[in-house]
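# Architecture and fold: a report
Here is what each chain is made of, one letter per residue.
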Amino acid sequence: MYHHPDLTPFTPRERPSLRAAATNMIENWPPQAYRDDYAMMRGIWPILPKTLLLSDPALIEEVLIAKAEKFTRDRFQTRALANAVNRQSVFFAEGADWRWQRRAVSPAFRHDKLQALIPTFIQCAYSLAQEWRHAPQDAIVDVAPAMSRVTFDIILTAVLGAGAQDFDREKFLAAINPSISTIAWRFLYARIGAPSFLPFPGARRVAESVNWLHNALTALVAQRRAN
C-alpha cells in the first residue's frame, strides 16, 4: 500500500478531543487518515458514532458516483452547515430532488463555458500572486481569507462581469466570515447532540450576517433581472 508523505503541520491525535473539535476539527482525524486509503475516527464520546474517512479515489468514486443512492448525507453535516447554506439547495438535496436541481444548473457548467472562464481564473490568481510578491519578505500571510477573496473575485467576475466593479466585495466577505469562523462550533454541537435552539459562540453575529447576505443577494438578483 502506498503511504502518503507526512505534510501535516501538527501531530494528529490518537483520540479526538472537544478542544480540537471547537478549534481545528481536522486535528481529530487519526494518524492513519494522513497515511492510508481509509481510516476510522472514533467519536468524541464513546456513545457517539464512528466516522469512516476515505482518501482512496476508487472508494470515493464508489460512494459519490457508482453507488451514490446507497449513501445519504449524514445529519451532522446538514445541521452544522444548514444555517450558512440554504437547506433546500443542491448542496443538501438528495435523490430525485438533487437530480432535478443538478439538471437545472448543469448548462452553466458545460465544458465550453468553463473553458471560456479560464482567462478570468488566470487574471484573479495572477492578481493575488502579485499582491503576495510585493508583500514584505518577513510578512505572514493568512492564506484562508486570501483564497476566499480570490474565489469570490472569480465568482463576481464570472457572474457580474463589468458590474462586479460596483459591488462591495469587502463588506460581502465580512458578512460571510462569521458563518465560516463558527463552523467548528456548529459541528461540535451537532456531534454531541446539543439542542438546535442552544446558541453557540457567535450565533447572533451569524444570524445577522446571514440575514444581510440574503437581502443583499435578493437586491442583486432583482437588479440583474431589471437590466
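The present account deals with the structure reproduced in this document. (Residues numbered from 1 in each chain as written. Predicted model: local features only at pLDDT ≥ 70, side-chain atom pairs only at ≥ 80, totals over all residues. Heavy atoms only, no water.)

Formed by Phe 152, Leu 156, Leu 160, Phe 167, Phe 172, Leu 173, Ala 175, Leu 213 and Leu 220, the largest nonpolar core amounts to 9 residues. Among the secondary structure elements, those contributing two or more residues to this core are helix H7 (143-160), helix H8 (169-181) and helix H10 (203-226). Counting residues in each nonpolar core, the second largest holds 6 residues, with Phe 10, Ala 39, Met 41 and Leu 53 among its members. (Core = buried A, V, L, I, M, F, W, Y, C linked by side-chain atoms within 4.5 Å. Buried < 20%, exposed > 50% of the residue type's maximum accessible area, 1.4 Å probe, protein only. Helix = DSSP H or I, 4+ residues; strand = E, 2+ residues; numbered from the N terminus.)

With that settled, the discussion passes to the packing of helix H6 (residues 118-133) against H7. Where H6 meets H7, the closest approach of the two axes is 9 Å, and the angle between their N-to-C directions is 150 degrees. Overall, the two elements H6 and H7 adopt an arrangement that is roughly antiparallel. Crossing angle aside, the handedness with which H6 passes H7 is right-handed. Mapping the contact onto sequence places Thr 120, Phe 121, Cys 124, Ala 125, Leu 128, Glu 131 and Trp 132 in H6 and Ala 146, Met 147, Arg 149, Val 150, Asp 153, Ile 154 and Thr 157 in H7. Its residues assigned to classes, the contact of H6 with H7 comprises 9 nonpolar, 2 polar and 3 charged. (Axes fitted to C-alpha atoms, helices over the stretch in contact; angles between N-to-C directions. Parallel < 35°, antiparallel > 145°, perpendicular 65-115°, else oblique. Left-handed = near helix turned anticlockwise from the far one by under 90°. Contact = heavy atoms within 4.5 Å. Nonpolar A, V, L, I, M, F, W, Y, C, P; charged D, E, K, R; others polar.)

Helix length check: H7, at 18 residues, gives a terminal C-alpha distance of 25 Å against a target of 26 Å (1.5 Å per residue), a fit within 8%. Regarding H7, the residues found buried are Ala 146, Val 150, Phe 152, Leu 156 and Leu 160. Buried residues of H7 fall within an arc of 160 degrees about the axis and therefore sit on the same side. More than 90 degrees from the buried face of H7, the exposed residues found are Ala 144 and Val 159. Buried residues in H7 make contact with H6, H8 and H10. Capping the start of H7, Asp 142 holds a side-chain oxygen 3.3 Å from the backbone nitrogen of Ala 144, two or three residues further along. (Expected span 1.5 Å × (residues − 1). Arc of directions from axis to C-beta. Polar contact = N/O pair within 3.5 Å; in protein donor to acceptor, adjacent residues only side chain to side chain.)

By secondary structure assignment, the location of Phe 172 is in helix H8. Contacts of Phe 172, omitting those with residues within four sequence positions, involve Phe 152, Phe 167, Trp 212, Leu 213, Ala 216 and Leu 217.

This paragraph deals with the side chain of Thr 51. Inspection of the secondary structure puts Thr 51 in strand S2 (residues 51-54). Once residues lying within four places of it in the same chain are set aside, the contact partners of Thr 51 are Ala 39, Met 40, Met 41 and Arg 191.

One pass over the structure, following the stated rule, counts 5 aromatic pairs. Between the aromatic rings of Phe 172 and Trp 212, the centroid separation amounts to 6.0 Å while the plane-to-plane angle is 65 degrees, which identifies the pairing as edge-to-face. Here the residue Phe 172 occupies a position in helix H8, and Trp 212 occupies one in helix H10, the gap between them amounting to 40 residues. A relative accessible area of 6% means that Phe 172 is categorised as buried. Joined through ring pairs, the aromatic side chains of Phe 152, Phe 172 and Trp 212 make up one cluster. (Phe/Tyr/Trp six-rings, centres within 6.5 Å; stacked < 30°, edge-to-face > 60°.)

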